[in-house]
Amino acid sequence: MARTLTILGATGSIGSSALAVVDHCNRTEDCEHFEIEALTAHKDVHSLADRAIKYGAKRAVIADAALYADLKEALDGSGIEPMAGSDALEEVARIPVDRVLAAIVGIAGLKSSHAALDAGNSVALANKESMVCAGSLLKTVAAARGAAIIPTDSEHNAMFQVMERGGDVERLILTASGGPFRETPAEKLKRVTPKEACAHPNWSMGRKISVDSATLMNKALELIEASYLFDFPEDRIDVLVHPQSVIHSLVAYRDGSTLAQLGTPDMRTPIAHALSWPERRLSTDVKRLDLAEWASLTFGKVDDTRFPSIRLARHALNMGPAAPVVLNAANEVAVSAFLEGKCRFLDIRWIVEEALGLDIAQSLKTGSDLGLGDVMSLDQESRRRSDELVAAAGAQMRSEAQ
Ligand code: NDP
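We now turn to the structure provided with this report. In this text the structure is predicted, and so the values were computed from the model without any measurement.

With respect to the overall build of the protein
Line of reasoning, step 1. The helix and strand tally for the protein stands at 17 helices and eleven strands.
Line of reasoning, step 2. Here the C-alpha atoms of the protein give a radius of gyration of 21 Å, agreeing with the 21 Å that 2.2 N^0.38 yields for 402 residues.
Line of reasoning, step 3. Projected onto its principal axes, the C-alpha positions of the protein cover 55 × 55 × 40 Å.
Line of reasoning, step 4. For the protein, the proportion of its 402 residues judged to be buried stands at 55%.
Line of reasoning, step 5. Partitioning the contacts of the protein with sequence separation of at least 6, the portion at a separation of at least 24 is 68%.
Line of reasoning, step 6. For the protein, the exposed area adds up to about 17,300 Å²; of that, 49% sits on carbon and sulfur atoms.
Line of reasoning, step 7. Charged side chains in the protein number 43 positive and 55 negative. The centres of these two groups are separated by 3 Å.

The following block contains the structure:
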């Protein structure tokens, strides 16, 4: 029998990799096949409609409700049900399926990830911002509904694969490519452009995560994600620079052993694992790892002076569960401002650091009991304050340019 799948964020980089996995499996005789329940997008009506038709989805959802008529027209005669708006996203996330892939970018993916788990659907979670902002809530809902959260971010998927064998873990070691500016001198970082920041050496990804990789905020978010996912304090999670991205992360055990998961840098592998889990039955045509071809793998430390994001993430984790929401919102606002030319690359970290220093979270209860409403209102307030910081950074940028 075919496995049923819903992809939230089907038009993005992860959505495309997941559909490539589906395509390969459906064309491979001795592999499990997939039936698509629903595909979703934000604004890209045409890619959404094309994909829904190609993969025979039952439903297609465009999150921007103003685009409903366009989607309806694009799906005319296909028999696929067009839907629109954020409520529709949650509605399709709740339809029972074998797996929901959460691949929306940013906190915009939180409500639908939450809805899927609340309905008892097991979620392959690529949308790291959900876990960063509401890790404890999502885990509680999943446990109450008997739903699994399968880490799909390549590093967390690697650690998850290793830790499935059990044993006493001493430390988690997240690998980081170091991004496109690993060797760039601090002085030059002041002038980097969005195009340069989005040119990742190993991975082809959406623009937001590409900028996050360039600032190392991606690794900072992943550190918070790992801490919540695996119930590990930040002081037992290390970050190791590994430019080739072949070792996707490591787990160190009490007996002195360190185990790792390896593969060519290609998201189809962790996605195939997360869609098949707890089995490992899906085939992919990902290029197989040939270590002799790589010849050497290298490692190094994070330069905290040029890339303070990881320090900020540790600080946020130690401040309590509200601070990662503030950090995430400030980063989302700053990255989008940078991509639109409203501030400079180095302003991103300034905005995040300043936002963490504000009193945004003080009105909220702390502890591990942030509800969905708390997280969303904290996110809104953090965005409002971060917009002010962007305006200040933009004014400074313009005055220095004169
Ligand atoms: P993309 O920007 O490529 O795609 C994002 C997807 O989310 C698109 O389908 C987009 O629709 C949709 N979307 C964007 N905003 C909204 C919104 N407000 N409401 C509903 N849907 C929305 O992102 P990626 O695929 O690169 O990343 C997705 C997630 O996976 C992120 O959390 C990222 O950190 C994580 N991740 C990504 C990896 C990668 O290799 N790309 C690796 C590991 C994790 P539309 O196309 O219409 O804009």
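Observations regarding the site of the ligand
Line of reasoning, step 1. Close contacts around the ligand come from 25 residues, with Thr11, Lys43, Asp44, Glu129 and Asp153 the closest.
Line of reasoning, step 2. Note that an oxygen atom of the ligand is positioned 2.9 Å from one of the backbone N or O atoms of His42.
Line of reasoning, step 3. Starting from 900 Å² of accessible surface for the ligand in isolation, the protein chains cover 85%.
Line of reasoning, step 4. Broken down by secondary-structure element, the contributors of at least two residues to the shell around the ligand are α1 (13–27) and α6 (128–145).
Line of reasoning, step 5. Considered class by class, the residues forming the shell around the ligand number 13 nonpolar, seven polar and five charged.

As for the packing of aromatic side chains
Line of reasoning, step 1. Within this structure, the stated rule accounts for three aromatic pairs.
Line of reasoning, step 2. A centroid spacing of 5.6 Å and a plane angle of 50° characterise the contact between Phe160 and Trp277, whose relative ring orientation is tilted. Highlighted residues: Phe160 in helix α7 (residues 154–163) and Trp277 in the loop between α12 (268–276) and α13 (291–294), separated in sequence by 117 residues.
Line of reasoning, step 3. Residues Phe181 and Phe345 carry aromatic rings whose centres are separated by 5.3 Å and whose planes lie at 80° to one another, so their mutual orientation is edge-to-face. Residue Phe181 is located in the loop between β8 (169–176) and α8 (186–189), and its partner Phe345 is located in helix α16 (residues 345–357); the two are separated by 164 residues in the primary sequence. Pair check on accessibility: Phe181 and Phe345 agree, each one buried.
Line of reasoning, step 4. Site record: aromatic cluster; members linked through ring pairs are Phe181, Phe338 and Phe345.

Here's the deal with the sheet that holds strand β5 (residues 99–102)
Line of reasoning, step 1. The seven strands are arranged β4-β3-β2-β1-β5-β6-β7 in an open sheet whose pairing can be described as parallel. Strands with a single pairing partner mark the edges of an open sheet, and in this sheet they are β4 (81–84) and β7 (149–151). Strand-to-strand, the axes of this sheet are offset by a mean angle of 20°, without reference to chain direction.
Line of reasoning, step 2. Two strands pair when backbone bridges link them, and strand β3 (residues 59–62) and β4 are joined in this way by four bridges, in the parallel orientation. What sits directly across from Ile62, in β4, is Ala84.

Section: the sheet that holds strand β9 (residues 237–241)
Line of reasoning, step 1. Overall, mixed pairing links the four strands, which are arranged β9-β8-β10-β11 in an open sheet. With one partner strand each, in any of the chains shown, β9 and β11 (258–262) form the two edges of the open sheet. On average, each strand axis in the sheet is inclined to that of its neighbour by 20°, with strand direction left out of account.
Line of reasoning, step 2. Seen against the sheet, α7 touches β8, β10 (247–253) and β11 and runs at an angle of roughly 40° to β10.

Some words on a nonpolar patch on the surface
Line of reasoning, step 1. A cluster of nonpolar side chains, namely Leu262, Leu289, Leu291 and Trp294, defines an oily patch on the protein surface of about 310 Å² accessible area.
Line of reasoning, step 2. Tracing the sequence through the fold places Trp294 in helix α13.

As for unusual backbone geometry
Line of reasoning, step 1. In this structure, the amide linkage connecting Trp277 to the following residue, Pro278, adopts the cis form with an omega of 10°.
Line of reasoning, step 2. With respect to the secondary-structure elements, Pro278 resides in the loop between α12 and α13.
Line of reasoning, step 3. Even without a glycine there, the phi angle at Ala295 is positive, about 65°.
Line of reasoning, step 4. Structurally, the position occupied by Ala295 is in the loop between α13 and α14 (309–319).
Line of reasoning, step 5. Ala295 gets classed as exposed once you look at its relative accessible area, which sits at 68%.

Concerning the packing of helix α5 (residues 110–118) against helix α17 (residues 372–401)
Packed helices, taken two at a time, are described by their axes: the angle between them and the distance between them.
Line of reasoning, step 1. At a closest axis distance of 11 Å, the pairing of α5 and α17 adopts a crossing angle of 170°. Relative to α17, the element α5 lies roughly antiparallel. Here Leu110, Lys111 and His114 of α5 come into contact with α17, specifically with Leu372, Val375 and Met376.
Line of reasoning, step 2. For the contact of α5 with α17, the residue count by class is four nonpolar, one polar and one charged.

Focus on α7
Line of reasoning, step 1. Of all ten residues that make up α7, ten are buried, and the element is covered over most of its length.
Line of reasoning, step 2. Listing the buried residues of α7 in full gives Ser154, Glu155, His156, Asn157, Ala158, Met159, Phe160, Gln161, Val162 and Met163.

Quick word on the side chain of Glu225
Line of reasoning, step 1. With respect to the helices and strands, Glu225 occurs in helix α11 (residues 217–229).
Line of reasoning, step 2. There is no salt bridge for the buried Glu225, and the closest opposite charge comes from Lys128, which lies 5.1 Å off by N-O distance.
Line of reasoning, step 3. The residues touching Glu225, leaving out its near neighbours within four places in the chain, are Lys128, Met131, Val132, Asp153 and His156.

Thresholds applied
- Residue numbering note: each chain is counted from 1, following its sequence as written.
- Owing to the predicted nature of the model, reporting of local features is limited to residues with pLDDT of at least 70; listing and counting of side-chain atom pairs is limited to 80 or more, with chain, interface and lining totals taken over all residues.
- To get the side-chain values, all heavy atoms of the structure are used, and hydrogens and water are removed first.
- Runs of E in the DSSP output that reach at least two residues are strands. Runs of H or I that reach at least four are helices, and both are numbered from the N terminus.
- Atoms counted for the radius of gyration: C-alpha only. Globule rule: 2.2 Å times residue count to the power 0.38.
- Residue burial is assigned from relative accessible area. The probe radius is 1.4 Å, only protein chains are included, and a residue is buried under 20% of its type maximum, exposed over 50%, and partly exposed in between.
- Only heavy atoms matter for contacts: two residues are in contact if any of them lie within 4.5 Å across the pair.
- Here the Shrake-Rupley method, with its probe set to 1.4 Å, supplies the accessible areas, and only the displayed protein chains count as covering residues.
- None of His or the chain ends enter the tally, which takes Lys and Arg as positive and Asp and Glu as negative.
- Charge positions come from single atoms, namely NZ of Lys, CZ of Arg, CG of Asp or CD of Glu.
- Proximity criterion: a residue is near a molecule or strand once any of its heavy atoms comes within 4 Å of it.
- Distance and chemistry together define a polar contact, namely a pair of N or O atoms within 3.5 Å, with one atom able to donate a hydrogen and the other to accept it when in protein, and with adjacent residues in sequence counting only for side-chain atoms on both sides.
- Side-chain classes follow a simple rule in which Ala, Val, Leu, Ile, Met, Phe, Trp, Tyr, Cys and Pro form the nonpolar group, Asp, Glu, Lys and Arg form the charged group, and the remainder, Gly included, forms the polar group.
- Centres within 6.5 Å make a pair out of two Phe, Tyr or Trp rings, where for Trp the six-membered ring is used; the pair is then stacked when the planes are under 30 degrees apart, edge-to-face when over 60, and tilted otherwise.
- Here, any two strands with at least 2 DSSP bridges between them count as paired.
- In this description, a line fitted to the C-alpha atoms serves as the axis of each element, helices being fitted only across the stretch in contact, and the angle between N-to-C directions of two axes falls anywhere from 0 to 180 degrees.
- Excluding any residue in a salt bridge, patches collect residues exceeding 30% relative accessible area, merging like charges within 9 Å and nonpolar Val, Leu, Ile, Met, Phe, Trp and Tyr side chains within 5 Å.
- Salt bridges are defined by distance alone: a side-chain nitrogen of Lys or Arg within 4 Å of a carboxyl oxygen of Asp or Glu.
- An angle below 35 degrees is read as roughly parallel, one above 145 as roughly antiparallel, one from 65 to 115 as roughly perpendicular, and any other as oblique.

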